[in-house]
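# Topology and contacts: notes
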Number of protein chains: 2
Amino acid sequence: MGKIPTVYDVATRAGVSIATVSRVFSRPESVKEETRRRVLESVDALGYVPSGAARGLAARRTGVLGLFFPGLDAMDDIADIPFDDGDALTGSATIVRDVAGAVDTRPLNLYFDEVLRGSELEAWRSGFVLLVGVGRGDTAHDTVRDMAGRVDGLVVLAGSASEDELLQLARRIPVVVMAGPSRGDELDHVSVSNAEGMNALVTHLIVDLGVNDIAYVAGSTDSPDDEERWRGFRSALHAAGIEAPAGPALRGDFTREGGRRAGRELLSREHLPRAVVCANDQMALGVIDTARIAGLEVPTQLIVTGFDGIDAGRLSTPRLTTVRQPMERLGRAAVQVLVRRLSEPERSAMSVRLPVEVILRESSEPA
Amino acid sequence: MGKIPTVYDVATRAGVSIATVSRVFSRPESVKEETRRRVLESVDALGYVPSGAARGLAARRTGVLGLFFPGLDAMDDIADIPFDDGDALTGSATIVRDVAGAVDTRPLNLYFDEVLRGSELEAWRSGFVLLVGVGRGDTAHDTVRDMAGRVDGLVVLAGSASEDELLQLARRIPVVVMAGPSRGDELDHVSVSNAEGMNALVTHLIVDLGVNDIAYVAGSTDSPDDEERWRGFRSALHAAGIEAPAGPALRGDFTREGGRRAGRELLSREHLPRAVVCANDQMALGVIDTARIAGLEVPTQLIVTGFDGIDAGRLSTPRLTTVRQPMERLGRAAVQVLVRRLSEPERSAMSVRLPVEVILRESSEPA
DNA sequence: CTGAAAGCGCTAACAC
DNA sequence: GTGTTAGCGCTTTCAG
C-alpha cells in the first residue's frame with residue numbers, strides 16, 4: 001500500500017504550509033484561487049485522503065453520529081459462513097421447489113431497517129455519517145462505549161443499554177433515547193404514540209363497529225412498547241364502560257409462531273370473542289393463521305388487528321388492520337433531536353412523541 | 001457537559017501512568033490485578049470513555065469498517081420533516097381507511113437492508129463496528145472520501161463510486177467491491193451468480209416445462225447486474241437452440257410500475273409469449289398486475305418469473321417463481337474478504353462468487 | 001491571505 | 001509490571 005500521503009506531503013508538493021492545505025478543506029474561500037488550485041492538484045496527484053482520526057482529535061468533533069440497537073438476531077445463525085476460494089470462484093445455481101406455508105423469515109428486523117434508513121437519511125442531511133452498532137450478549141456494554149468514544153452524539157434504542165450506562169455516556173456526548181416509555185430525566189427522548197394508537201383502534205372497534213367482546217394478545221414483557229399498548233387497550237375499554245382485566249390474558253413473544261400459539265389457546269376456550277387485538281402485526285398474522293386452520297372466517301367470525309404496519313400485513317389475505325408506526329420518521333426525528341442538541345447543549349431535555357395512524361383493512365372491516 | 005476526562009485524569013486519580021491506563025484497556029492481563037482494579041475504579045468514577053479519534057490516530061487502526069451504498073431513495077422525500085415541539089409532545093393517532101391496491105412502498109431497498117444486516121453481523125464478529133454511508137447526488141464523492149479517511153477498510157457497492165475514485169481510495173485502505181460484473185483488477189470482489197441463476201431458471205422453463213416462446217423484461221442499463229442476467233437468459237436460449245434477439249425487447253426500470261408498463265406493451269402486441277422472464281421481482285409483480293387486469297391467468301396462460309427473492313414475491317398471489325440472491329450472505333462475505341485482506345495485505349485480489357437458488361412457485365408451476 | 005507552532009488524547013516502543 | 005517519551009496527522013490561534 002506504500003506510504004500514505006499526509007498534509008505534509010501535499011503541502012510540500014504544493015509549496016505551501018500544512019495550514020493552507022487544511023484551509024482548502026475547511027474554508028476553501030479563504031484561500032486564494034491560485035493557491036487552492038495548486039493544493040487540489042497535489043491532493044489529486046498524491047491521492048491524499050485526510051485522516052478522520054487526526055481531524056477528529058484536533059477538531060474535537062468527528063462528524064459521526066452513532067446508532068445503537070439491541071441485538072435480537074438469533075445467535076445461532078451467527079456461525080461461520082465459509083467460502084472455499086475454489087468453490088466460490090465458479091458461479092452456481094440450485095433449483096428449489098418452495099412449498100407453500102414456509103416459515104416467515106426476518107422477524108421484526110424490519111423495524112430496525114426502517115429506523116436505520118431514516119437515521120441515515122437525516123444524518124446525511126446534516127452532514128454526518130452514521131456509525132451503527134448492535135449490542136449482542138455481553139459485548140453490548142463494550143460496543144456502546146466504544147461507539148460513544150468515536151461519535152459526536154448517540155441515538156440508542158430503549159432497552160439496548162442500561163440506564164446507568166446511558167447516563168454515564170451522556171456525560172461525554174449527547175444521547176437520545178428512542179422508543180420506550182416517556183421519561184422525565186435529562187436524556188432527550190423520541191417515541192411514538194403507542195397508547196394513543198391502540199386506544200384509537202380499539203375505540204373504533206367498540207364505537208364504530210359495535211364490538212364489545214375483545215381479547216388481547218400481548219407481547220414480551222421486556223419490550224418497552226408492550227406495556228404502553230396494553231395501557232391504550234385498557235383505557236379504550238374503560239372509556240366505553242367495558243370491564244377490563246387487570247392484565248393481558250394471552251401473551252405471545254411478538255413472533256408469528258407466538259401468535260399461532262395464542263390463537264390456539266384462544267380457540268380452545270369455551271367462549272370465542274368477537275375480536276382479538278394483538279400487540280403487533282406478526283402475532284396478528286399468526287392468529288389469522290390459526291383461525292384459518294380452524295375454519296374461522298376473518299373478519300366475519302373473528303376480527304383480528306395488529307400493530308406496527310409491516311409490509312406483510314399489507315400483503316396478507318385478508319389484509320391486516322393495524323396501527324402504523326412511523327418507523328422511518330422515528331429514526332429521522334431522533335437524529336434531528338440529536339443534531340439540535342449538538343448546537344444547543346444547554347437546552348433542557350426534549351421529548352418528542354410522533355403520531356401514529358390506524359389503518360383499517362379487511363381483517364376488521366368486511367369488504 | 002463539563003470537562004471530559006482523559007487518560008491523564010484517570011492516571012492521576014489511580015496514581016499510575018497513562019501507559020498503564022492504556023494497558024488496562026488493550027492488554028488487561030499484563031497489568032497487576034490490584035493496579036487494574038484501581039484504574040477501573042477511577043474509570044468508573046470519572047465516567048471515562050476513551051477517545052476513538054486519539055486511539056485511531058496513535059494506533060493507526062480505527063476498528064471501523066465502512067459500507068458505502070449508492071443512494072437510490074427518491075430525492076423528493078428528503079424534505080424537512082418538522083416537528084413542532086408543542087405538537088410533538090402530545091401523542092396522537094389518526095384513522096385511515098386503506099383502499100386496496102395502494103402503491104408499493106420501499107422499492108428495492110430491501111436489498112440494502114439485508115446486505116447491511118449481513119455486513120454488520122460479520123463486522124461485529126470480527127470486532128469492528130460499521131460506518132454506513134449513502135452516496136447521494138453530488139455529495140457522493142465527498143462522502144466516500146470522508147468515510148475512507150475514517151475506516152480500516154471499505155466495502156463499496158458496485159456503481160456507487162467511479163472506478164477511478166475507488167482505485168484512488170484503495171491506495172489508502174483495502175476496498176472490496178460488491179456485486180457488479182467480475183473484474184480482473186486489483187480490487188477484491190464479491191458477487192452473486194446472476195448469469196448462472198438466470199440461465200438455470202430459463203433452462204428449467206425450456207427443458208422441464210417445454211416452453212420455448214419467452215419474452216424478457218430487462219431493468220435499467222446502468223445496473224451492473226442487469227447485463228449479467230440478460231446474458232444468462234440469452235445463453236439458456238442458445239443452449240436450447242432457440243434464436244435469441246441481440247438485446248432485450250422490453251425494458252423497465254426495476255420498479256413495479258415499470259413492470260406494469262412493460263406488461264401493457266407486451267399485451268398490446270399481436271403475439272403473446274408463453275412466458276415472460278423479468279430481470280427482477282418488482283417488475284415481475286408489475287407484469288402480473290397487468291396480466292390480471294387483462295384477465296390473463298398466471299401461470300396457465302402466461303408464466304411470469306422474477307429475480308431477487310424479495311418477500312413480496314413470497315406473499316403475492318400467485319407466489320412468484322424467482323432466483324433468490326443471498327443478500328445477507330453477500331454482505332457477510334464482503335466483510336469477511338475485507339477482514340482477511342486486512343491481515344494479508346500482500347495476497348493477490350480475491351473474487352468470490354456466491355451461489356443463488358432458483359425458487360419455483362406458482363407463477364410458473366400450476367399448483 | 002499565509003505560516004509557525006501548540007496541542008488534541010492516545011499507543012507503542014523502550015527503559016527501568 | 002510500570003513509567004517515559006515520542007510521535008500519530010490534523011485544526012486552530014496568533015502573527016505577520
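### Digging into the sheet that holds strand β2 (residues 93-97) of chain A
- The strand order across the open sheet built from three strands is β2(A)-β13(B)-β11(B), with neighbouring strands paired in mixed fashion. The outermost strands of the open sheet, each flanked by one partner alone, are β2 of chain A together with β11 (322-324) of chain B. On average, each strand axis in the sheet is inclined to that of its neighbour by 30°, with strand direction left out of account.
- Sheet topology places β11(B) next to strand β13 (residues 356-360) of chain B; three bridges connect them, and they run antiparallel. Within the sheet, the bridge partner assigned to Val323(B) lies in β13(B) and is Val358(B).

### Comments concerning the protein's contact with DNA strand C
- Around DNA strand C lies a shell of 25 residues, among which Arg23(A), Thr35(A), Val7(B), Ser22(B) and Tyr48(B) are the nearest.
- Expressed as a percentage, the sugar and phosphate content of the atoms of DNA strand C within 4 Å of the protein is 59%.
- One of the side-chain nitrogen or oxygen atoms of Thr35(A) is found 2.3 Å away from a phosphate oxygen of DNA strand C.
- Contact distances for DNA strand C include 2.4 Å between a phosphate oxygen and a side-chain N or O atom of Ser22(B).

### Here's the deal with the sheet that holds strand β7 (residues 214-218) of chain A
All names here are of chain A.
- Taken together, four strands build an open sheet; the order of strands is β8-β7-β9-β10 and the sheet is parallel. Edge strands, defined here as strands with exactly one partner in the open sheet, are β8 (250-251) and β10 (303-305).
- Across two bridges, the pairing between β7 and β8 is parallel. Its bridge partner lying in β8, Val217 is registered against Leu250.
- The sheet contacts of helix α9 (residues 194-208) involve β7, β9 (275-278) and β10, and relative to β9 the element is tilted by about 175°.
- Across the sheet, helix α10 (residues 224-239) is in contact with β7, β8 and β9; its angle to β7 comes to roughly 170°.

### Brief notes about unusual backbone geometry
All names here are of chain A.
- Cis geometry marks the peptide bond from Val298 to Pro299; its omega dihedral reads 10°.
- Its place among the elements puts Pro299 in the loop between α12 (281-293) and β10.
- For Ala179, which is not glycine, the phi torsion reads 65° and is therefore positive.
- Within the secondary structure, Ala179 sits in the loop between β5 (175-178) and β6 (188-192).
- What makes Ala179 buried here is its relative accessible area of 9%.
- With phi around 135°, Asp308 is a residue other than glycine that occupies positive phi space.
- Positionally, Asp308 belongs in the loop between β10 and α13 (311-315).

### With respect to the confidence of the model for chain A
- Per-residue confidence for chain A gives a mean pLDDT of 89, with 91% of residues at or over 70.
- Across residues 74-78 of chain A, where pLDDT falls below 50, the model places ten contacts with residues more than four positions away in sequence or in other chains.

### Re the nonpolar core
- Ranked by internal contacts, the top residues of the largest apolar core, which has 148 residues, are Ile214(A) and Ile214(B).
- With residues near it in sequence (within four places) discarded, Ile214(A) still touches Val202(A), Leu205(A), Ile206(A), Phe233(A), Leu237(A), Ala275(A) and Val277(A).
- Val144(A), Val151(A), Ile173(B) and Val175(B) belong to the second-largest nonpolar core, a separate cluster that totals 41 residues.

### Observations regarding the protein's contact with DNA strand D
- The environment of DNA strand D is made up of 26 residues, and the closest members are Val7(A), Ser22(A), Thr20(B), Arg23(B) and Thr35(B).
- Backbone sugar and phosphate groups make up 58% of those atoms of DNA strand D lying within 4 Å of the protein.
- For DNA strand D, a base nitrogen lies 3.4 Å from a polar atom in the backbone of Ala54(A).
- Between DNA strand D and the protein, one listed contact pairs a phosphate oxygen with a side-chain N or O atom of Thr20(B) at 2.7 Å.
- Looking at the surface near DNA strand D, the elements with two or more residues in it are α1 (7-14), α2 (18-26) and α4 (52-59) of chain A together with α2 (18-26) and α4 (52-59) of chain B.
- Residue composition of the surface near DNA strand D, grouped by class: 14 nonpolar, seven polar and five charged.

### Re the pairing of strand β7 (residues 214-218) of chain B
Residues and elements named next belong to chain B.
- The element β7 is largely enclosed, with a buried count of five among its five residues.
- Burial of the side chains of β7 extends over both faces: Ile214, Tyr216 and Ala218 are buried on one face and Ala215 and Val217 on the other.
- Looking at chain direction, β7 and strand β9 (residues 275-278) are connected through four bridges and run parallel. Bridging from a neighbouring strand, Val217 pairs with Cys278 of β9.

### Points about the pattern of salt bridges
- Inspection of the entire model under this criterion finds 52 salt bridges over all chains.
- The residue Glu34(A) makes a salt bridge to Arg37(A) at a minimum N-O spacing of 3.6 Å. Highlighted residues: Glu34(A) and Arg37(A), both in helix α3 (residues 33-46), separated by three residues, approximately one helical turn.
- Since its relative accessible area comes to 44%, Arg37(A) is described here as partly exposed.
- The partner of Arg319(B) in a salt bridge is Glu362(B), and the shortest N-O contact between them spans 2.8 Å. Here Arg319(B), found in the loop between α13 (311-315) and β11, pairs with Glu362(B), found in the segment after β13; they are 43 residues apart in sequence, far enough to count as distant.
- Overall, the relative accessible area of 24% leaves Glu362(B) in the partly exposed class.
- What you see here is one network of salt bridges that share partners, running through Arg256(A), Glu257(A), Arg260(A), Arg264(A) and Asp289(A).

### Description of the environment of Pro50(A)
- Its place among the elements puts Pro50(A) in the loop between α3 and α4.
- Judged by relative accessible area, Pro50(A) falls into the buried class, the value being 11%.
- With residues up to four places along the chain from it excluded, the contact list for Pro50(A) reads Phe25(A), Arg55(A), Gly149(B) and Arg172(B).

### Description of the packing of α2(B) against helix α3 (residues 33-46) of chain B
Residue and element names in this part refer to chain B.
- Running from amino to carboxyl end, α2 crosses α3 at an angle of 90°, the nearest separation of the two axes being 10 Å. In terms of orientation, α2 lies roughly perpendicular with respect to α3. Facing Thr20, Val21, Val24 and Phe25 of α2, the residues of α3 in contact are Thr35, Arg36, Val39, Leu40 and Val43.
- By residue class, the composition of the contact of α2 with α3 is six nonpolar, two polar and one charged.

### What to know about the pairing of strand β1 (residues 64-70) of chain B
All names here are of chain B.
- Taking burial as the measure, the seven residues of β1 include seven buried ones, the bulk of the element.
- Alternating residues of β1 divide into Val64, Gly66, Phe68 and Pro70 and Leu65, Leu67 and Phe69, and every residue in both groups is buried.
- In this structure, β1 lies alongside strand β4 (residues 153-157), joined through four bridges in parallel fashion. Counted as the bridge partner of Leu67 is Val155 from β4.

### Looking at the side chain of Glu165(B)
- Looking at where Glu165(B) falls in the secondary structure, it is placed in helix α8 (residues 163-169).
- Once you skip the residues sitting within four places of it in the chain, Glu165(B) turns out to touch His141(B), Val144(B) and Arg145(B).

Rules behind the numbers
Residues numbered from 1 in each chain as written. Chains lettered and ligands numbered in written order. Predicted model: local features only at pLDDT ≥ 70, side-chain atom pairs only at ≥ 80, totals over all residues. Heavy atoms only, no water. Pairing = 2+ DSSP bridges. Helix = DSSP H or I, 4+ residues; strand = E, 2+ residues; numbered from the N terminus. Axes fitted to C-alpha atoms, helices over the stretch in contact; angles between N-to-C directions. Near = heavy atom within 4 Å. Polar contact = N/O pair within 3.5 Å; in protein donor to acceptor, adjacent residues only side chain to side chain. Contact = heavy atoms within 4.5 Å. Buried < 20%, exposed > 50% of the residue type's maximum accessible area, 1.4 Å probe, protein only. pLDDT = per-residue confidence, 0-100. Core = buried A, V, L, I, M, F, W, Y, C linked by side-chain atoms within 4.5 Å. Nonpolar A, V, L, I, M, F, W, Y, C, P; charged D, E, K, R; others polar. Salt bridge = Lys/Arg side-chain N within 4 Å of Asp/Glu carboxyl O. Parallel < 35°, antiparallel > 145°, perpendicular 65-115°, else oblique.

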